Amino acid sequence: MELQDLYRDVILDHNRSPRNFGPLEGSSTDVQGSNPLCGDRLTLHLRLAGDRIEDVRFEGHGCAISTASASLMTEAIKGRTRAEALALFDRMHALLTDDAAVPDEGLGKLAALSGVREFPARVKCASLCWHTLASALQSSAPESVGAVSTE
Amino acid sequence: MSGAARTPVRPAEPAPFDVEAMRREFPVLTRLVHGHPLAYLDNGASSQAPRRVLEAVDDYARSHHANVHRGVHTLSEEATARYEGARDRVARWLNAASRTEIVFTRGTTEAVNLVAQSYARPRLRAGDEVLITHLEHHANIVPWQMVCAQTGAKLVVAPIDARGEVDPDAVEALMGPRTRVFACAHVSNALGTVLPVERLVASARARGIATLVDGAQAVPHCDVDVRALGCDFYALSGHKMYAPTGIGVLYGRESMLEDMPPWQGGGDMILTVSFERTTYNALPYKFEAGTPNIVGAVGLGAAIDFLGSIDRRGAHAHEAALLEHAHAALVRIPGLRLIGTARRKLGLVSFLVDGVHPHDLGTVLDQDGIAIRTGHHCAMPVMDYYGIPATARASFAFYNTFDEIDRLALSVERARRMFGGDVV
Ligand SMILES: Cc1ncc(COP(=O)(O)O)c(C=O)c1O
């Protein structure tokens, strides 16, 4: 396992210039996620139109892995339905934790995160945004969702 | 005596500290991590054990293990002798007045909890105050918060300044008529600051305030004399001073311990038990309910023997030189900021690098075989004070080398470039 497998160019790029970063006007759901062990904290803003994620942005601070993961996630889920986003969550979960999982075509840039599973201490960094998303979406009343933590 | 022409005898120059010989005492230091020689710079979290400790632990487990204080058989007597022998070593090493003042605990955390629950809880009344400082480890915050919640007492926190120092005047100003306990670190684990504990303890005592010093980060780097310091309680962890995990010490002034009820109930801490009435055992057994960590104590005793056998002055001077070298090497790195610049520091350096999260730094350094700690170091209030979520921390032991610190600096520089120090 090499450092370049973890910090691929896509990840370094999204860390340096995160996409969809900042507050979201008219958001319908705002959920906080934190990883107390390393102090990563992020807030995910979603604007849901019916079943569809019309817009998504995030704020907070974290390491390169958590920042890039959140940035890539916002790109991947914008415009998707709840069910599509949750299916993506499952595939990412497998990619980050299951050694046998192979990144499939449909993951696009998210596949760049497959190196994380070789660094067990960093899996939580990459999954924080996804757990935050899942908790936002799974709740039937998203506005009432509290905070999630990966610890 | 042949009076005439004798060459005047000059005191021999002390031999320079031989770090390579020291390293040979620590088997783990020869291992590779990701193909590089291990540079273990996470001693503040837990230090490595020397051969002498490993052998004592092994010998105990192979040949002498039995329960203590129970059997008349040979092994039980040998185990008891070794366990109690470790207590004697700790007592001498800390210069306690008596071996009965040494209570074995799981570590610093348990020692602080013991004092909070057994000393403070029965004494604190609503409106009383417990005074700590802003740079404490969570182990010296949360037990006090818990006992405050139980009693209605108030937790008062003395400030730190931008350097990470504690101004003794400011602490003394907070020692009021309702202050019952003053607890502070001897050395900060997040910043390396050495606190003016001698003065603070004296001021507290003069006001009738009980004092606890958290010595977890001090004992690996300096000799501690609890009677000279004058504190009522002193807490430490074996695993930060070359002993195994799961063993620590609460030193308590005998008159204080005598007046405290047992903390936990069970075997060993009693003299007689009937369903009507139990009489408690004498000090220190009153505070050691249940079968203790015998092998841990044996390891701690061996660690103290080890420390007694080395050139400690040389070792401490070497550690001070390492710290100075680390400061000098790190501040040369563009965008690097030291967190904690107290005038008196021991054993560690905390820092941040612009554009590189400490967590990423930790991973990059690990790939180069360098072990450091990244995170909040169980001192979240310190992080909040500086408005940062985490730092990277390199912490030293006398087996570290200047070369390891140079490798640290090189690796930090590499990480900086990797994460965008060179704008493309
Ligand atoms: C200053 C300080 N206090 C308390 C502790 C807690 O020690 P332990 O976890 O061994 O109980 C530590 C160790 O991290 C420390 O550095």
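Everything here concerns the structure above.
Owing to the predicted nature of the structure, the values given are computational and were not obtained by experimental measurement.

Engineer: What is the right way to look at the nonpolar core in this model?
Structural biologist: For soluble globular proteins, nonpolar side chains are generally found buried alongside one another. All names here are of chain B. In terms of nonpolar packing, the biggest core is built from 79 residues, with Leu94, Tyr234 and Phe398 touching the most fellow members. In terms of residue count, the dominant contributor to this core is helix 10 (residues 294-309) (nine residues). Counting contributing residues per domain, this core is built from domain 1 (19-45 + 311-417) and domain 2 (53-308), each supplying no fewer than three. Beyond its immediate chain neighbours, meaning those up to four positions away, Phe398 contacts Phe17, Val19, Met22, Phe26, Tyr242, Phe306, Leu307, Ile310, Ala315, His318 and Glu319. One finds Leu322, Leu330, Leu338 and Leu408 within the second-largest nonpolar core, a separate group that totals 74 residues.

Engineer: How do you make sense of the interface of chain B and chain A when you look at a structure like this?
Structural biologist: Interface extent is often summarised as the accessible area lost during association of the parts. Every contact between the two is made by 17 residues of chain B and, on the other side, 21 residues of chain A. Carbon and sulfur atoms supply 61% of the area that chain B and chain A bury against each other, a total of about 1,400 Å² over both sides. Taken as a group, His359, Met418 and Phe419 of chain B account for 33% of the area that chain B buries against chain A, more than any other trio of residues on that side. On the surface where chain B and chain A come into contact, there are one salt bridge. In this structure, Asp360 of chain B engages Arg122 of chain A in a salt bridge whose closest nitrogen and oxygen atoms are separated by 2.8 Å. Looking at the side of chain B that touches chain A, the elements with two or more residues in it are helix 12 (358-367) and helix 14 (402-421) of chain B.

Engineer: Sorry if this is basic, but what is going on with the pattern of salt bridges here?
Structural biologist: Any two side chains of opposite charge can pair, on the condition that their charged atoms come close. Residue and element names in this part refer to chain B. Counted by the stated rule, this structure contains 29 salt bridges over all chains. A salt bridge links Asp169 to Arg199; the nearest nitrogen and oxygen atoms lie 2.6 Å apart. With a gap of 30 residues between them, Asp169 in helix 6 (residues 168-174) and Arg199 in helix 7 (residues 197-206) connect regions that are remote in the sequence. Residue classification places Asp169 among the partly exposed residues on the basis of a relative accessible area of 47%. When salt bridges that share partners are traced, they join Glu84, Arg87, Asp88, Arg99 and Glu288 into one network.

Engineer: Please clarify how the pairing of strand 8 (residues 210-214) of chain B should be interpreted in this entry.
Structural biologist: Here is the key point about a regular strand: its side chains alternate between the two faces of the sheet. All names here are of chain B. A large share of strand 8 lies buried, amounting to five of its five residues. Pairing between strand 7 (residues 179-185) and strand 8: five bridges, direction parallel. What sits directly across from Phe182, in strand 8, is Thr211. Of the crossover connections in this fold, the one passing from strand 7 over helix 7 to the parallel strand 8 is right-handed. By the bridge criterion, three bridges tie strand 8 to strand 9 (residues 233-237) in an arrangement that is parallel. Its bridge partner being in strand 9, Val213 is matched across the sheet by Tyr234.

Engineer: Help me understand the sheet that holds strand 5 (residues 129-133) of chain B, please; the structure alone is not making it clear to me.
Structural biologist: All names here are of chain B. Taken together, the seven strands give an open sheet; going across it, the order is 4-10-9-8-7-5-6, and neighbouring strands pair in mixed fashion. The outermost strands of the open sheet, each flanked by one partner alone, are strand 4 (102-105) and strand 6 (154-158). In this sheet, adjacent strand axes meet at a mean angle of 20° when their direction is disregarded. Bridge count for strand 4 against strand 10 (residues 248-252) is four bridges, and the pairing is antiparallel. Bridge pairing in strand 10 places Phe104 opposite Val249. Running over the sheet, helix 3 (residues 74-94) touches strand 4, strand 9 and strand 10 and is turned about 120° from strand 4.

Definitions and cut-offs
- Residues numbered from 1 in each chain as written.
- Chains lettered and ligands numbered in written order.
- Predicted model: local features only at pLDDT ≥ 70, side-chain atom pairs only at ≥ 80, totals over all residues.
- Heavy atoms only, no water.
- Core = buried A, V, L, I, M, F, W, Y, C linked by side-chain atoms within 4.5 Å.
- Buried < 20%, exposed > 50% of the residue type's maximum accessible area, 1.4 Å probe, protein only.
- Helix = DSSP H or I, 4+ residues; strand = E, 2+ residues; numbered from the N terminus.
- Domains from an automatic or database assignment.
- Contact = heavy atoms within 4.5 Å.
- Buried area = accessible area lost by both parts, 1.4 Å probe.
- Salt bridge = Lys/Arg side-chain N within 4 Å of Asp/Glu carboxyl O.
- Pairing = 2+ DSSP bridges.
- Right-handed = clockwise from strand over helix to strand, strands pointing away.
- Axes fitted to C-alpha atoms, helices over the stretch in contact; angles between N-to-C directions.

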